[in-house]
Amino acid sequence: MTHIRRWRGTGWCALLFVLCWAGYAIADDADGYVPTPSSIAGDWLVESHDAVIHIEQAGDQYQGRILWQLHDTYGPEDGPELAGKRVTDRKNPDPALRSRPLTGLRLLWGLTFDPGDKKWRDGHVYNSDDGRTYNCWVRMLGPDRLKLHGYLGISLFGGSTVWTRVTMKTTAAPGQRPFVEAPGK
């Protein structure tokens, strides 16, 4: 009899999980915005506000490169051997790539638009903080916001970040950020 009671508790947990997941999926698409394949193209300020990623079409896929970083050179906290030098991909698992600068680095690739699901799938995102490459998908949350979800294995186990569309300035005064955020953001 105890095993039946346990199963009933497990069934409720499973049902609750499915209902929560369905609610999450519906809430994620609640505003009714319908993206086109090229909606993802443009310049995007990452959630931490310390980098801008330029996403563009490459064949039938989309890719992104680091266009701007808040800290393009190492500071004194990084040690005297690095202070003042350009920030590089020093956590890359391939020693031959550790000296390449992060600005200009392709860190997002392979994204293809799925019109039925209204998101870009089958992509990869490189995290220069840990030197690892993750699977990813991207969904537009509106015309000027996107959610990037990176994961290993299955999408359920991963993390997400929200980026905001920006317009890059042709010139910026010293100490000013070289972009303007989309209105209302």
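Up top is the structure.
Residues numbered from 1 in each chain as written. Predicted model: local features only at pLDDT ≥ 70, side-chain atom pairs only at ≥ 80, totals over all residues. Heavy atoms only, no water.

Draft legend 1. Local environment of unusual backbone geometry. Even without a glycine there, the phi angle at Lys118 is positive, about 55 degrees. As for its placement among the helices and strands, Lys118 is situated in the loop between strand 4 (106-114) and strand 5 (119-127). In this structure Lys118 comes out as partly exposed when scored by relative accessible area, which is 22%. (Helix = DSSP H or I, 4+ residues; strand = E, 2+ residues; numbered from the N terminus. Buried < 20%, exposed > 50% of the residue type's maximum accessible area, 1.4 Å probe, protein only.)

Draft legend 2. Spotlight on the packing of aromatic side chains. Tallied over the entire structure, the rule returns 2 aromatic pairs. An angle of 70 degrees between the planes, with centres 5.3 Å apart, marks the rings of Trp68 and Phe179 as edge-to-face. A residue pair is termed long-range when its members are at least 10 positions apart, and Trp68 in strand 3 (residues 61-69) and Phe179 in strand 9 (residues 179-181) qualify at 111 residues. Taken individually, Trp68 and Phe179 each receive the classification buried, so the pair is uniform in this respect. Between Phe113 and Trp120 the ring centres are 4.7 Å apart and the planes differ by 50 degrees, which places this aromatic pair in the tilted class. The class for Phe113 is buried, based on a relative accessible area of 19%. Sitting over the ring of Trp137, Lys119 keeps its end group 4.0 Å from the ring centre. (Phe/Tyr/Trp six-rings, centres within 6.5 Å; stacked < 30°, edge-to-face > 60°. Lys NZ or Arg CZ within 6 Å of the ring centre and 35° of its normal.)

Draft legend 3. Spatial organisation of the pairing of strand 7 (residues 145-151). Of all 7 residues in strand 7, 6 are buried; the element is thus mostly enclosed. The pairing of strand 6 (residues 132-142) with strand 7 spans 7 bridges and is antiparallel. Considered in strand 7, the bridge of Arg139 is made with Lys147. Hairpin connection, strand 6 to strand 7: the antiparallel pair is bridged by 2 residues. By the bridge criterion, 7 bridges tie strand 7 to strand 8 (residues 158-168) in an arrangement that is antiparallel. By the bridge assignment for strand 8, His149 is matched with Ser160. (Pairing = 2+ DSSP bridges.)

Purely geometric stuff here, so don't read any function into it on its own.
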